[in-house]
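# Structural characterization, general
Okay, here's what each chain looks like letter by letter:
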Amino acid sequence: MNLIENIRMLTRYKAWADDITFSAVSTLPNGEATKHRNTRFGNMVHTLNHVYVIDAIFKAHLLGQSHDYTARNTENCPPLADLLKLQKEMDKWYIDYADSISEEKLSEIVKFQFVGGGEGSMSRTDMVIHVVNHSTYHRGFVGDMMYQVPAIPPANDLPVFLRDAYQNA
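Figured I'd write up the structure that's included with this text. (Residues numbered from 1 in each chain as written. Predicted model: local features only at pLDDT ≥ 70, side-chain atom pairs only at ≥ 80, totals over all residues. Heavy atoms only, no water.)

Attention now moves to the nonpolar core. Residues Val25, Met44, Phe58 and Met146 are the most contacted members of the largest nonpolar core, which totals 37 residues. Broken down by element, this core gets its largest block of residues, 10 residues, from helix H2 (residues 44-63). Sequence-distant contacts of Phe58, that is, excluding residues within four places in its chain, are made with Tyr94, Phe112, Met122, Met127, His130 and Val131. Ranked by size, the runner-up nonpolar core spans 8 residues in total, among them Met9, Leu10, Trp16 and Phe161. (Core = buried A, V, L, I, M, F, W, Y, C linked by side-chain atoms within 4.5 Å. Buried < 20%, exposed > 50% of the residue type's maximum accessible area, 1.4 Å probe, protein only. Helix = DSSP H or I, 4+ residues; strand = E, 2+ residues; numbered from the N terminus. Contact = heavy atoms within 4.5 Å.)

This paragraph deals with the pairing of strand E1 (residues 109-113). Residue alternation in E1 divides its side chains into a buried set, Val110 and Phe112, and an unburied set, Ile109, Lys111 and Gln113. Here E1 folds back onto strand E2 (residues 119-123) in antiparallel fashion, the turn holding 5 residues, of which Gly117 has a positive phi close to 110°. (Pairing = 2+ DSSP bridges.)

Under the defined criterion, the tally for this structure stands at 9 aromatic pairs. Measuring from ring centre to ring centre gives 4.9 Å for Trp93 and Tyr94, while their planes differ by 90°; the resulting arrangement is edge-to-face. Of the two residues, Trp93 and Tyr94, neither departs from the other in class, the shared state being buried. Between Trp93 and Tyr97, the ring centres sit 5.0 Å apart and the planes meet at 20°, which makes this aromatic pair stacked. You can see Trp93 and its partner Tyr97 sitting in helix H3 (residues 80-100), 4 residues apart, about one turn around the helix. Looking at Tyr97, the relative accessible area reads 11%, which means it is buried. (Phe/Tyr/Trp six-rings, centres within 6.5 Å; stacked < 30°, edge-to-face > 60°.)

Moving on, we come to the layout of surface pockets. Put simply, the largest pocket is a space of about 190 Å³. Lining the largest pocket are 15 residues, with Ile54, Phe58, Arg72, Phe114 and His130 sitting closest to its centre. With 5 residues, the single largest contributor to the lining of the largest pocket is H2. In terms of residue class, the lining of the largest pocket is built from 8 nonpolar, 6 polar and 1 charged. (1 Å grid on protein atoms, 1.4 Å probe; cavity = no way out; pocket = protein on both sides within 12 Å on 5 of 7 lines; lining within 4 Å. Points joined across faces, edges and corners; volume = space filled by probe spheres on them. Nonpolar A, V, L, I, M, F, W, Y, C, P; charged D, E, K, R; others polar.)

With that settled, consider the packing of helix H1 (residues 3-26) against helix H6 (residues 158-166). Their axes nearest at 10 Å, the elements H1 and H6 cross at an angle of 90°. By the criterion of interaxial angle, the relationship of H1 to H6 is roughly perpendicular. Where H1 abuts H6, its residues Glu5, Met9, Arg12, Tyr13 and Trp16 lie against Leu158, Val160, Phe161, Leu162, Ala165 and Tyr166. (Axes fitted to C-alpha atoms, helices over the stretch in contact; angles between N-to-C directions. Parallel < 35°, antiparallel > 145°, perpendicular 65-115°, else oblique.)

This structure, assessed with the given rule, holds 13 salt bridges. Across the pair Lys14 and Asp18 runs a salt bridge whose closest N-O atoms are separated by 2.6 Å. Pair noted here: Lys14 and Asp18 are both in helix H1, with a separation of 4 residues, about one helical turn. In this structure, Lys14 and Asp18 share a single accessibility class: buried. Its salt-bridge partner being Asp18, residue Arg139 comes within 2.8 Å of it at the nearest N-O pair. In this pair, Arg139 is assigned in helix H5 (residues 124-148) and Asp18 in helix H1, connecting sequence segments 121 residues apart. On the basis of relative accessible area, Asp18 is assigned to the buried category, the value being 4%. One network of salt bridges, with partners in common, ties together Lys14, Asp18, Asp55, Asp91 and Arg139. (Salt bridge = Lys/Arg side-chain N within 4 Å of Asp/Glu carboxyl O.)

Our next topic: H3. For H3, spanning 21 residues, the distance from its first C-alpha to its last is 30 Å, which sits close to the expected 30 Å at 1.5 Å a residue. Regarding H3, the residues found buried are Leu80, Leu83, Gln87, Met90, Asp91, Trp93, Tyr94, Ile95, Tyr97 and Ala98. Of the surrounding secondary structure, the elements contacted by the buried residues of H3 are H1, H2 and H5. (Expected span 1.5 Å × (residues − 1).)

Structure representation (structure tokens):
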């Protein structure tokens, strides 16, 4: 698999993993997704909102646009159903981006400002990989919180995606 194929596969993996995670969280007993837990973002929905915010920030970086975020999460977040709709649109944007970009453009370095301050620069490839990796990291936190319900989180690892969803696409 070449670089373009890998980036396309990874954006599809992220969308798949986000979708099954949101689906699992939405089936939890009422109030569990927003129940305060001893974790960085306080609950499952706010953790998923953080993923969305970072996706939006890096989308703006990839487009060479500014964004309105002043932190890596928002003080309040939308209800789970609304956040799911936003995340699905964002995941579709990343898939479309991966489908339309050239390998030459993927290696291009983009300069940006970190929300927490300071200058950054990354290749477009590294930005997409960061978005995929970052969401995987935080879905792990959501999975841990699901065990606290108790509930079993979905298997949303890359090998499961490759076996169950990607090879069959």
